2 protein chains.
Amino acid sequence: MSQPPAHARDELAHSLLDHLECSATGETFPADGLRNLSPAGEPLLPRYRLGPHVPRPPHRGPGGMWRYAALLPHRGTVVTLGEGWTPLLPAPRLGAQLGLPLLWVKDESQNPTASFKARGIATAVTMAKALGVIRLAIPTAGHAGGALAAYGARAGIAVEVFMPRDTPEAFQLEARLHGAQVHLVDGLISECGKLVAAGAAQGRWFDCSTFKEPYRVEGKKTMGYELWEQMGGQLPDAILYPTGGGTGLIGMWKAFEELAQLGWHTGQRPRMVAVQVAGCAPVVRAFQEGAARTRFWDEATTLAYGLRVPKPLADALILRALRESAGTAVAVAELEMLAGMHELAASEGISSGPETGAVVAAAAQLARAGWLTPQQTVVLFNTGSQTKYPDAARAALQRAHAP
Amino acid sequence: MSQPPAHARDELAHSLLDHLECSATGETFPADGLRNLSPAGEPLLPRYRLGPHVPRPPHRGPGGMWRYAALLPHRGTVVTLGEGWTPLLPAPRLGAQLGLPLLWVKDESQNPTASFKARGIATAVTMAKALGVIRLAIPTAGHAGGALAAYGARAGIAVEVFMPRDTPEAFQLEARLHGAQVHLVDGLISECGKLVAAGAAQGRWFDCSTFKEPYRVEGKKTMGYELWEQMGGQLPDAILYPTGGGTGLIGMWKAFEELAQLGWHTGQRPRMVAVQVAGCAPVVRAFQEGAARTRFWDEATTLAYGLRVPKPLADALILRALRESAGTAVAVAELEMLAGMHELAASEGISSGPETGAVVAAAAQLARAGWLTPQQTVVLFNTGSQTKYPDAARAALQRAHAP
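Owing to the predicted nature of the structure, the values given are computational and were not obtained by experimental measurement.

Glancing now at the relation of the copies chain A and chain B. Laying chain A over chain B is done by rotating through 180° and shifting 0.0 Å along the axis; what remains is an RMSD of 0.0 Å. Here the copies are linked by what is in effect a two-fold axis. Taking C-alpha positions as reference, the residue of chain A nearest the rotation axis is Gln110(A), located at 2.5 Å. Take the interface residues of chain A: 100% of them recur as interface residues in chain B, which is what a same-surface contact looks like.

Spelled out as structure tokens, the structure:
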């Protein structure tokens, strides 16, 4: 047979993308070319022609997150590795331990490249390809660099990845196997970001940093749409999300706003919880201080490399989502995080990185404090697989066997 | 909200499982208790009440491979981590290089525990749980042990994993984090198998070895059903599959037979290709010799740990499927395998283990020989992610940069 598979024949819905909007000033810009930050130096957010005229997502469309193609940026073709539509798994055993019987885990580790980063990188590379980009660069704590390398290879776009020198080898190997140029940097992701910005200013590549690139958040927002659809048109009471750059948290909050604009979900929205670790908790500090932005976190240190972001660029949007949703921000101790990672694996069979371990520990903390209650439906995000973090796995096992 | 998500409310189809049949003698046995091999010492195959009365799979059923629940073993509840319904990805760039423009990759690395093993272990643990098993043991090259540890944790069943001492640490860490007892064995998977069999004979656990356990093949067969459905009710001309224990190859061949019995697909079936490596190729040798069974492969050695199976238990079924399908068996050199793994990652953005690299190399070999032609639709199986094989990744990169 020579006919393409069914899912390739399924028509991709036309994108309703209309324009880009500065997240700080509201100023609008056409979505017709390459853009990074707004003139105000703030993230741009894509806006769509939304309303009750938009049909609900099809049940026979393309697979994965592209079932929401109308609400995503693209120009008729997409760069995809099958990302999205990850399972929402009940977690009854862990839930019983935590006193949260209605506990669920959204398992993003089952994405291509084994993490949630695949979603945002898929939309970013789809638009980069459509707009003629030939070289992309990214600062990364690990997962995003691997994902950009993979999707760049898929699209035929050259990729340069900048990561801290102490990033686990697994992330380096992954990016290099996909043909990316890997630069090991003395410093954290913030230093990497400066090098990428400098090269972009010289015209060497397009800067694909979190929120300097306006479309990554769009892929991430599909996590919110999927929760709504997988829960039968409802939303949970609370969402706990490991927060480094915060794209997923902001993206889901944007999805819930869009669901309301579409008339698909007009009820209560979830309380959003940003989870960080004691060794790097700029969002928690700013939230507790009542500040609108974070301050740089000095000497950030944790095995949860994805949370080692000393000052997220979109901190204002993160903090706004937490406050608008009546949510909160929680930092957990490094050892609690490792215990949480172990607990999720041992009680539910779900493999995760340490970032997710922090979320498990945060759920326990919030349940003890009564902030989460047994009547509430709670969703934890597992943002990536354990397999790229052998050092965290070893530490978790050692902790468990310590006298 | 306290209602369970939509997919949990979707009704699981009643299983049409009828009995077990000895794959060598045809003798039948009730499917009502724990069984390993038949009295003839051969694998048992589950048989169902199939016919045109069976409705086609629903488009609003449970997610993943359980959309085929009627054709799978279960007793009304399943042990699941969301396995199956993995993407079937076009591979146009790699296809152009190989002269196979209709090339596809079925990406099993997007399963829970990052490999195809999740499918078979899900059905095995589902039945073990239904039949009251409290401890399972398995000999493994790596992936299956990690998967059994995860699904055992999910089900609340204790797990003992036996793996060769030189298995990459990633597999050990994975199994231990899921709470399994890991035994490192001086020897190959065949030695591990003997230890598991001895403990089972003493009543210490149920033996979950490939094909000694009759339900693993059922999960694996869903790869065949999915190909058929994802290709819009058609099947490819050829399937290339990395063959260690051979469960997937046998399972898919069984699925195609069942599709015919169901009247869902009565046309041509794919040619099945077993791919092995030069360092351990018992199936290729037996196929070339015209033998009905394999002989033990001495001093098996390869970085593709999943292919380091010196004598597959179900060799007769593997060889029968190859011959009935007018297929073939191909061994590739270790360096070609590493190059294939690198090529797939760099040209298509698909992360794979070395076993899949062997499949890429075999496709190139068969295309050069004219056994595969540009008019044919060819599916390569990516059985697992690269992330658990840092040594193979390092070797592939070194090879590429060698002078």
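All names here are of chain B. In terms of residue burial, strand β11 (residues 271-277) counts as a mostly covered element, since six of its seven residues are buried. Bridging between strand β10 (residues 238-242) and β11 involves five bridges; their strand directions are parallel. Among the inter-strand pairings, Pro242 is bridged to a residue of β11, identified as Val275. Where the polypeptide runs from β10 across helix α8 (residues 247-262) and back to β11, its parallel neighbour, the crossover connection is right-handed. As judged from the five bridges shared by β11 and strand β12 (residues 328-332), these two strands associate in the parallel manner. Across the sheet, Val275 pairs through a bridge with Val330, a residue of β12.

Across soluble globular proteins, nonpolar side chains have a tendency to be buried as a group. Among the nonpolar cores identified, the biggest contains 271 residues, and Leu240(A), Leu322(A), Leu380(A), Leu240(B), Leu322(B) and Leu380(B) are the most heavily contacted of them. Non-local contacts of Leu380(A), meaning those with residues more than four positions away in its chain, are made with Leu94(A), Leu103(A), Trp104(A), Val105(A), Lys106(A), Leu240(A), Val359(A), Val360(A) and Ala363(A).

Another aspect to go through is the confidence of the model for chain A. The predicted coordinates should not be examined in detail at positions where pLDDT is low. Of the residues in chain A, 96% reach a pLDDT of 70 or more, and the chain-wide mean stands at 94. Interface predicted TM-score (ipTM) for the complex: 0.95; the corresponding pTM is 0.96.

Attention now moves to helix α10 (residues 315-324) of chain A. All names here are of chain A. Taken as a whole, α10 has its buried residues at Asp315, Leu317, Ile318, Leu319, Ala321 and Leu322. The inward-facing, buried residues of α10 contact α8 (247-262), β11 (271-277), α9 (282-289) and β12 (328-332). Immediately downstream of α10, the backbone of Ala326 shows phi near 55°, a positive value.

Residues and elements named next belong to chain A. Contact pair α9 / α10: the axes reach a minimum separation of 10 Å and the direction vectors enclose 55°. Regarding the angle of α9 to α10, the classification is oblique. Where α9 crosses over α10, the two elements pack in a sense that is right-handed. Taking contact as the criterion, the partners of Val283, Ala286 and Phe287 in α9 are, on α10, Ile318, Leu319, Leu322 and Arg323. Residues of the contact of α9 with α10, tallied by class, amount to six nonpolar, no polar and one charged.

All names here are of chain B. Topologically, Leu188 is positioned in the loop between β8 (181-185) and α6 (189-201). Spatially, the C-alpha atom of Leu188 lies 9.6 Å from that of Tyr305, the residues being 117 residues apart in sequence. Once residues lying within four places of it in the same chain are set aside, the contact partners of Leu188 are Pro164, Ala300, Arg308 and Pro310.

Our next topic: unusual backbone geometry. The backbone of Phe211(A) sits at a positive phi, close to 70°, despite the residue not being glycine. A positive phi angle is found at Thr113(B), which is not glycine, with a value near 60°. Relative to the assigned elements, Thr113(B) resides in the loop between β5 (103-107) and α3 (117-130).

What follows is about the interface of chain A and chain B. Tallying the contact residues gives 63 residues for chain A and 63 residues for chain B. Carbon and sulfur atoms supply 56% of the area that chain A and chain B bury against each other, a total of about 5,000 Å² over both sides. The tally of links from chain A across to chain B stands at four salt bridges. One salt bridge in this structure joins Glu348(B) and Arg154(A), with 2.7 Å as the shortest N-O distance. Applying the counting criterion to the chain A and chain B interface returns 13 residue pairs in polar contact (both at pLDDT 80 or more). Elements with a minimum of two residues in the side of chain A that touches chain B: α1 (6-9), β4 (88-90), α4 (143-155), α5 (169-177), α7 (216-230), α11 (334-348) and α13 (390-401) of chain A. Grouping the amino acids of the side of chain A that touches chain B by side-chain chemistry returns 29 nonpolar, 22 polar and twelve charged.

The subject of this paragraph is the sheet that holds β8(B). Residue and element names in this part refer to chain B. Spatially, β8-β7-β6-β9 is the arrangement adopted by the four strands of the open sheet, whose pairing is parallel. At either margin of the open sheet sits one strand with a lone partner, and together these are β8 and β9 (206-207). As paired elements, strand β6 (residues 135-139) and strand β7 (residues 158-164) share five bridges and run parallel to each other. From the neighbouring strand, Ala137 faces β7, where its bridge partner is Glu160.

Here we take up the sheet that holds strand β2 (residues 28-30) of chain B. Paired through backbone hydrogen bonds, the strands of a sheet run either parallel or antiparallel to each other. Residue and element names in this part refer to chain B. Strand order in the open sheet formed by three strands is β2-β1-β3, with antiparallel pairing between adjacent strands. Every interior strand has two partners, whereas the edge strands, β2 and β3 (44-48), have only one. Put simply, the sheet's adjacent strands are angled 35° from each other on average, direction ignored. Two strands pair when backbone bridges link them, and strand β1 (residues 17-22) and β3 are joined in this way by five bridges, in the antiparallel orientation. Counterpart to Glu21 in the pairing with β3 is Leu45.

Residues and elements named next belong to chain A. Within the secondary structure, Asn382 is located in strand β13 (residues 378-382). Assessed through its relative accessible area of 0%, Asn382 is described here as buried. C-alpha separation for the pair Asn382 and Ala326, spaced 56 residues apart in sequence, amounts to 22 Å. Leave out the neighbours within four places in its chain, and Asn382 touches Val105, Lys106, Asp107, Glu108, Ser109, Ile350, Ser351, Ser352, Gly353 and Thr356. Here Thr356 takes part through its side chain, which lies 2.8 Å from a polar atom of the side chain of Asn382.

What follows covers helix α4 (residues 143-155) of chain B. Residue pairs spaced three or four apart in an α-helix point in one direction, given the helix's 3.6 residues per turn. Look at α4(B): 18 Å from first C-alpha to last across 13 residues, which is about the 18 Å you get at 1.5 Å a residue. Most of α4(B) sits out of view: 13 of its 13 residues are buried.

The next thing to look at is the side chain of Lys221(A). Residues and elements named next belong to chain A. Inspection of the secondary structure assignment puts Lys221 in helix α7. Here the side chain of Lys221 touches Glu258 through a polar contact of 2.9 Å, side chain to side chain. Discounting chain neighbours no more than four positions away, the residues touching Lys221 are Tyr48, Leu71, Leu72, Gly251, Met252, Lys254, Ala255 and Glu258.

Moving on to the pattern of salt bridges. On inspection of all chains with the given rule, the structure shows 46 salt bridges over all chains. The salt bridge partner of Glu169(B) is Arg394(A), with a shortest N-O separation of 2.6 Å. With one member in each of two chains, Glu169(B) in helix α5 (residues 169-177) and Arg394(A) in helix α13 form a pair that bridges those chains. Residue classification places Glu169(B) among the partly exposed residues on the basis of a relative accessible area of 34%. The class for Arg394(A) is partly exposed, based on a relative accessible area of 34%. A salt bridge links Arg67(B) to Glu229(B); the nearest nitrogen and oxygen atoms lie 2.7 Å apart. Of this pair, Arg67(B) sits in the loop between β3 and β4 (88-90) while Glu229(B) sits in helix α7 (residues 216-230); the two residues are 162 residues apart in sequence, bridging distant segments of the chain. Taking the relative accessible area as the measure of exposure, Arg67(B) reaches 13% and is therefore buried. Salt bridges here are not isolated pairs; linked through shared partners, they connect Glu42(A), Arg293(A), Lys311(A) and Asp315(A).

Basis of the calculations
Residues numbered from 1 in each chain as written. Chains lettered and ligands numbered in written order. Predicted model: local features only at pLDDT ≥ 70, side-chain atom pairs only at ≥ 80, totals over all residues. Heavy atoms only, no water. Least-squares fit on C-alpha atoms with pLDDT ≥ 70 in both. Contact = heavy atoms within 4.5 Å. Buried < 20%, exposed > 50% of the residue type's maximum accessible area, 1.4 Å probe, protein only. Helix = DSSP H or I, 4+ residues; strand = E, 2+ residues; numbered from the N terminus. Pairing = 2+ DSSP bridges. Right-handed = clockwise from strand over helix to strand, strands pointing away. Core = buried A, V, L, I, M, F, W, Y, C linked by side-chain atoms within 4.5 Å. pLDDT = per-residue confidence, 0-100. Axes fitted to C-alpha atoms, helices over the stretch in contact; angles between N-to-C directions. Parallel < 35°, antiparallel > 145°, perpendicular 65-115°, else oblique. Left-handed = near helix turned anticlockwise from the far one by under 90°. Nonpolar A, V, L, I, M, F, W, Y, C, P; charged D, E, K, R; others polar. Buried area = accessible area lost by both parts, 1.4 Å probe. Salt bridge = Lys/Arg side-chain N within 4 Å of Asp/Glu carboxyl O. Polar contact = N/O pair within 3.5 Å; in protein donor to acceptor, adjacent residues only side chain to side chain. Expected span 1.5 Å × (residues − 1).

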